[in-house]
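Each chain, written out:
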Amino acid sequence: MLRDLWFRVRALLRRRSVETELDEELRFHLERQVEKCEQGGLSRGEAQRRASVEFGGLELAKEECRDARGLRLLENLFQDVRYGMRVLRKSPGFTTVAILTLALGIAANTTIFSVVNAFLLRKPPVRDPDRVMVVSSVNPAKDAYAPDRTPVSALDFLDWQAQSHSFSAMAAADFEDFTLSGGLAPQRVAGARVSSSFFQIMGVAPARGQAFLPEENEWGHDHSVVLSDELWKERFGGDSQILGRLIKVNGQNYNVVGIMPGTFHLWDFEAQLWVPLTFSSDDLRPRSRSSRLLRVFARLKPGMDERRSAAEMQTIAQRLAQEHKDTNEAWGASVKSLQRYSTADSNSETATTFLMAAVGFVLLIACTNLANLMLARNSARHREFTIRSALGAGRFRLARQLFTECLLLSFGGGALGALGAFWGVRALRVQFNWNEYAQAMAKEVYVDGRALFFTLAVSLGAGILFGLVPTIQIARRSASDGLKEGGRGTTAGPERQRLQRMLVVGQLALSLFLLVGAGLFVEGFLEEIRASVGFNSHHLLTATVWPRDLKYLDSQRQRQFFENVLQHLTNLPGVQSAAGATDLPYNFPGDVSFTVEGHPGTKPDDQPKCAWFAVSPGYLETLQVPLLQGREFTPSDTADVPPVAIVNKAFAKSFFGGENPIGRHIRLDLDDHKENSWSEVVGIVGNVKEFLGQVKPRPQIFVPFAAHPSQLMRFIVRTRTEPTSLSDSLRHAVWAVDPDQAVTEIRTMDRVIEDSASGDNLMAEMMGGFALLALVMASIGIFGVLSYLVEQRTQEMGIRLALGAEPAGLLRFVIRKGMAIVGVGTGIGVLFSLALPKLVAASFDNFRFHSLWVLAPAPIVVLTVGLAACYVPARRAMRVDPMVALRYE
Amino acid sequence: MTAQRIDLPQGTLDLLILRTLGLQPQHGWAISERIQQISSDVLRVQQGSLYPALHRLERRGWIKARWGTSDNNRRAKYYELTKSGRRQLEAEKVAWDKLTAAVAQVLGTA
């Protein structure tokens, strides 16, 4: 079979030499035959005549030889392709529209597929990725986020490691940020403290140098660092002499022992550097079993699988739960492969599924358009087909010719679409910027071999899809039909018209469906933007400083640093006021549990929780949060005076009812203030939102930073000019206090708000974009079909006008025809769309459906666009000049 | 012309070509000559149909072609049996023997 094909292909490729060889072979035969006859006594002329009679028809023999070599089939294909190209070249307008339409649809598909590929399909770049497991705690709490992916405490990890037999090795990793200083400007990077077996479990060795030795996991031997390829290239210029050199990490000297290969990226566990993990005596106290911060990785032993190892881990966890009731009661353990762990985030999976469906619909609409265009062209090429079939072309051959043209178009569109996808992916990657995690994900989105294969398959599929209807139509029509119909400007057969109308109805229904879908996402987002944020978010620039050096463990040093930086910021030209806080609004602030004075003490589990912010005195003024009652903090509110607090309106309402909270007391359960320290409420402020998509205001507590300092500090400045123009001065103000600190997340407040949507806005934008694309394509579809209808009926219109028909009547006639199609399409679309809000709400955890009114704009948009698409051809019908129309053709 | 010539039954040309080439590589004209010679001029090969058959056999991989020099010093295309061609020849010979024996038996008893 394969050899046969090869033989045919070779024959085709060497067609010319095969032809000459055939000529030569037959000539040789004839000459020998002539010689033979001459030897038999005939004259040369007679011998030649005799030989050629005996041989039979020379050309026929040649033709049969070609057939025997199997040239025909492929040669016909070549012919079809050549002919198809010529036909397409001859109508550049049609070809351009067709290819561009397809390219748009295919580019959108490949781009979204690249996202799906990155997050769901591509295996992590480790050795035997299916054997690398992530072992997690299982949180029994009902409201826990991703309960079966909870981190692990140091003691649990050590017990798991000692007691399990399913794994050849188990490693723990503590993912956190590190500050690099010395040389270039200080920089904060994501990193991890890891057990020495971490790289072994991943099965990836450093490209240069070596991984950690087991003894480096001991206190005092742990000042080694392995760098990522990216960090090595970007910060250290790819210096090959760096191995063995000391670099400053969190203000201390670390010895560079290895550099990982550039391919080693775990987007869910993003790290630019790795240092050895050590456990302090504090980590190993029995109480610390409840401090779960570690991620645990393990490699399955040969012959062991995910299920069995999970069962073993569950048994071990249950035993530990029995032994350590106060910290581990009801806690379990789960085992997931690295890939399954990363893709378990249901929202990103549903989001990509929705996007994939949306682009699939867009392509479907594009295909429908093309099918319609081809149908229209079929009847325009009627005469050509009729002549060809009269000359002996089989119906099958004609259909194949047409199908070849369709495939040519689809592959043209596919090639252009692939190029478009490269651009689309690049544009999309920039949008993955709402946090560091998203930025790490963005690196994984690229067009790879699999995406290109997908493009090829989609192009082929699209070609078959839109080529099918017109091809079958041609195949079913006999030559005599061709002569009867369409000879002179009469209308196309009812069958084709019905087909075209059905296609347009389908298109409209699909685009309406998409519009409603997009509307659901966009509406929720618009609601957010319209909603009041609770403060003046414009002209604010924010930054984060997180001193990790040991010296900043001292709270006095933290306070000093904080106040010094604020002093520098306030003095900057262009700064109206400056403030600092432990958290920003719209940045998912942390929770604290608290007790309200006068309320009976309840069990620790039932204690109320709310967001809390430790802020500088200028905070309310800088953010312009309205102070409703009482006073703001002053520089004298420090740890040395009786503690004070400010609460927001929601807090006052929920916990003090109608009473005046001023002068009342609350107690915060912060780690460093376990002692009985009641804070007096001195002020009430307006509600400030904590994240985009928040429906109800949440209670919030503010305390003075001076009384509750921390290492993590956010700075906010209100600027007189465009905020980002002060980025550099902000950095230098921090460095004026300590040049070794990295200043990160320099963003305007508006940007902070936007980023807190965590990509929801990107989703809304993309859905909206695709719906718009679909609508444009569908309106081109209806426009095309109606224009065609009018054009075909030009003669009829002319006669009607000549007989005294009202031009306005004709306009109404065409519009009525068109709007009937639009109406049916819209109706079907609305019917299907009714199920959408439920579907979306069931798929996305945080989706809120406001009202059925979100469905209203979509049909109106479709009807309006449909009307516009009908109007242009209808006007043309009205303006038909009877004389011209009758002379037509 | 002593005996009356008969046309080849359908499908036997391939067998004859394979058999002829089983002796030694030949070019097309020699093959047709050879068939006539061995069959004492009874079988007549339609020369025009010889070449399509040769090309078909080549495509099936039973014979292969190569250019050589003929006895009168001219460039000619020589065909020879391949290994699978030899197997095919054996198989077709067995089938043919069975067929002729069966036909003869039918004719004999009738």
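Fair warning: this is a prediction, and the values are worked out from it, not measured in the lab. (Residues numbered from 1 in each chain as written. Chains lettered and ligands numbered in written order. Predicted model: local features only at pLDDT ≥ 70, side-chain atom pairs only at ≥ 80, totals over all residues. Heavy atoms only, no water.)

Asker: Can you lay out the packing of helix α1 (residues 12-23) of chain B against helix α2 (residues 28-38) of chain B for me, pointing to particular residues and giving the numbers?
Answerer: Residues and elements named next belong to chain B. At a minimum axis separation of 10 Å, α1 and α2 run at an interaxial angle of 100 degrees. The angle between α1 and α2 places the two elements in the roughly perpendicular class. Seen from α1, the contacting residues are L16, I17, T20, L21 and L23; seen from α2, they are I31, R34 and I35. Of the residues belonging to the contact of α1 with α2, the class tally is six nonpolar, one polar and one charged. (Axes fitted to C-alpha atoms, helices over the stretch in contact; angles between N-to-C directions. Helix = DSSP H or I, 4+ residues; strand = E, 2+ residues; numbered from the N terminus. Parallel < 35°, antiparallel > 145°, perpendicular 65-115°, else oblique. Contact = heavy atoms within 4.5 Å. Nonpolar A, V, L, I, M, F, W, Y, C, P; charged D, E, K, R; others polar.)

Asker: Quick one: what's the story with the environment of A:K609, residue by residue and with numbers?
Answerer: Residues and elements named next belong to chain A. Position of K609 among the secondary structure elements: in strand β14 (residues 609-615). As for K609 and T110, which are separated by 499 residues in sequence, their C-alpha atoms are 45 Å apart. Dropping the residues within four chain positions of it, K609 is found in contact with D591, V592, S593 and F594.

Asker: Break down the domain arrangement of chain A for me, citing the residues and quoting the values.
Answerer: Under the domain assignment used here, chain A contains domain 1 (2-69), domain 2 (73-125 + 346-487), domain 3 (147-343), domain 4 (494-532 + 756-889) and domain 5 (550-739). Placing a centre on the C-alpha atoms of domain 3 of chain A and another on those of domain 4 of chain A gives a separation of 56 Å. (Domains from an automatic or database assignment.)

Asker: Explain helix α7 (residues 154-163) of chain A residue by residue, including any values.
Answerer: Those residues of α7(A) lying buried are A:A154, A:L155, A:D156, A:F157, A:D159 and A:W160. Looking at the buried positions of α7(A), the neighbouring elements they touch are β1 (132-138), β2 (167-181), β9 (295-300), α10 (306-323), α11 (325-328) and β10 (332-337) of chain A. (Buried < 20%, exposed > 50% of the residue type's maximum accessible area, 1.4 Å probe, protein only.)

Asker: Account for the interface of chain B and chain A, with residues named and values stated.
Answerer: On the side of chain A, 26 residues touch chain B, which itself brings 25 residues to the contact. Carbon and sulfur atoms supply 47% of the area buried between chain B and chain A, which totals about 2,500 Å² over both sides. The tally of links between chain B and chain A comes to four salt bridges. Its salt-bridge partner being B:K77, residue A:E25 comes within 3.9 Å of it at the nearest N-O pair. Applying the counting criterion to the chain B and chain A interface returns seven residue pairs in polar contact (both at pLDDT 80 or more). The set of elements that each furnish at least two residues to the side of chain B that touches chain A consists of α2, α3 (47-60) and β5 (75-81) of chain B. The element best represented in the side of chain B that touches chain A is α3(B), accounting for nine residues. A breakdown of the residues in the side of chain B that touches chain A according to their chemical character gives six nonpolar, ten polar and nine charged. (Buried area = accessible area lost by both parts, 1.4 Å probe. Salt bridge = Lys/Arg side-chain N within 4 Å of Asp/Glu carboxyl O. Polar contact = N/O pair within 3.5 Å; in protein donor to acceptor, adjacent residues only side chain to side chain.)

Asker: With reference to specific residues and values, describe the side chain of A:T327.
Answerer: Note that A:T327 resides in helix α11. Setting aside anything within four residues of it in sequence, one finds A:T327 in contact with A:P286, A:R287, A:R289, A:S290 and A:R292.

Asker: Just give me the short version of the nonpolar core, but keep the residues and values in it.
Answerer: Residue and element names in this part refer to chain A. Counting 85 residues, the largest nonpolar core has F119, F432, F466, F521, M763, F770 and I782 as its most contacted members. Among the elements that make up this core, the one with the highest residue count is helix α25 (residues 760-792) (15 residues). Each residue touching I782, except ones within four places of it in the same chain, is listed here: V504, L508, G818, V822, A869 and C870. Of all hydrophobic cores here, the second largest spans 41 residues; its members include F561, F562, L730 and V734. (Core = buried A, V, L, I, M, F, W, Y, C linked by side-chain atoms within 4.5 Å.)

Asker: So what's going on with the packing of helix α6 (residues 92-121) of chain A against helix α17 (residues 449-476) of chain A? Residues and values would help.
Answerer: All names here are of chain A. Contact pair α6 / α17: the axes reach a minimum separation of 9 Å and the direction vectors enclose 140 degrees. By the angle between their axes, α6 is oblique relative to α17. Judged by the sense of rotation from one axis to the other, the crossing of α6 with α17 is right-handed. The residues of α17 that touch α6, namely those facing L102, I106, N109, T110, F113, S114, N117 and L121, are R450, A451, F454, T455, V458, S459, A462 and F466. Class assignment for the residues of the contact of α6 with α17 results in nine nonpolar, six polar and one charged. (Left-handed = near helix turned anticlockwise from the far one by under 90°.)

Asker: Report on the sheet that holds strand β2 (residues 26-27) of chain B, specifying residues and quantitative values.
Answerer: All names here are of chain B. In space, the three strands of this open sheet follow the order β2-β5-β4, with antiparallel pairing throughout. The outermost strands of the open sheet, each flanked by one partner alone, are β2 and β4 (63-69). Inspection of the sheet shows β4 paired to β5 by seven bridges, in the antiparallel sense. Bridge pairing links T69 to R75 in β5. (Pairing = 2+ DSSP bridges.)

Asker: Can you break down the pairing of strand β17 (residues 665-668) of chain A residue by residue, with the values?
Answerer: Residue and element names in this part refer to chain A. Here β17 shows a buried face lined by I666 and L668 and an unburied face lined by H665 and R667. Inspection of the sheet shows strand β13 (residues 591-596) paired to β17 by three bridges, in the antiparallel sense. Note that in β17 the partner of V596 across the bridge is I666. Relative to strand β18 (residues 679-685), β17 runs antiparallel, the two sharing two bridges. Bridge assignment links H665 to a residue of β18, and that residue is E680.

Asker: I'd love a proper account of the packing of aromatic side chains, names of residues and values included.
Answerer: All names here are of chain A. Counted by the stated rule, this structure contains 24 aromatic pairs over all chains. Aromatic side chains F199 and W274 sit 5.6 Å apart centroid to centroid with 75 degrees between the ring planes, which places their arrangement in the edge-to-face category. Taken as a pair, F199 in helix α8 (residues 198-202) and W274 in strand β8 (residues 273-276) lie far apart in primary sequence, 75 residues in all. Taken individually, F199 and W274 each receive the classification buried, so the pair is uniform in this respect. Joined through ring pairs, the aromatic side chains of F175, F198, F199, F212, F264, F269, W274, F297 and Y341 make up one cluster. Here R122 stacks its cationic end above the ring of Y446, 4.0 Å away from the centre of that ring. Over the ring of W678 we find R667; its NZ or CZ atom is 5.1 Å from the centre of that ring. (Phe/Tyr/Trp six-rings, centres within 6.5 Å; stacked < 30°, edge-to-face > 60°. Lys NZ or Arg CZ within 6 Å of the ring centre and 35° of its normal.)

Asker: Run through a nonpolar patch on the surface, naming residues and quoting values.
Answerer: Residue and element names in this part refer to chain A. Side chains of F411, F453, L456, L460, I464, L468 and I472 sit close together on the surface and give an oily, nonpolar patch of about 630 Å² of accessible area. In terms of residues, the nonpolar patch owes the most to one element, α17, which gives six residues. Considering the arrangement of structural elements, one finds L456 in helix α17. (Patch = residues over 30% accessible without salt bridge, like charges linked within 9 Å, V, L, I, M, F, W, Y side chains within 5 Å. Areas by Shrake-Rupley, 256 points an atom, 1.4 Å probe, with all protein chains shown as cover.)

Asker: Quick rundown of the confidence of the model for chain A? Include the residues and the values.
Answerer: All names here are of chain A. Averaged over every residue, the pLDDT of chain A is 85; residues scoring 70 or more account for 92%. For chain A, the element scoring lowest by mean pLDDT is helix α18 (residues 479-484), at 52; β9 scores highest, at 96. Considering only residues more than four positions removed or in separate chains, one finds that residues 485-491, a stretch of pLDDT under 50, has 16 contacts. (pLDDT = per-residue confidence, 0-100.)

Asker: I'd like to hear about unusual backbone geometry, residue by residue, with values.
Answerer: All names here are of chain A. Positive phi, normally seen in glycine, also occurs at D128, with a value near 40 degrees. Checked against the element boundaries, D128 lands in the loop between α6 and β1. A positive phi angle, near 50 degrees, is found at N250, a position not held by glycine. When you line up the elements, N250 lands in the loop between β6 (246-249) and β7 (252-259). By relative accessible area, which is 9% here, N250 ends up buried.

Asker: Describe the pattern of salt bridges, listing the residues and the values that go with them.
Answerer: Residues and elements named next belong to chain A. Across all of its chains, the model carries 45 salt bridges over all chains by this definition. E59 is paired through a salt bridge with K62; the nearest N and O atoms lie 3.6 Å apart. With E59 and K62 both in helix α4 (residues 58-68) and three residues apart, this pair spans about one turn of that helix. In this structure K62 comes out as buried when scored by relative accessible area, which is 11%. As a salt-bridge pair, E306 and R340 come within 2.6 Å of each other at their nearest N and O atoms.

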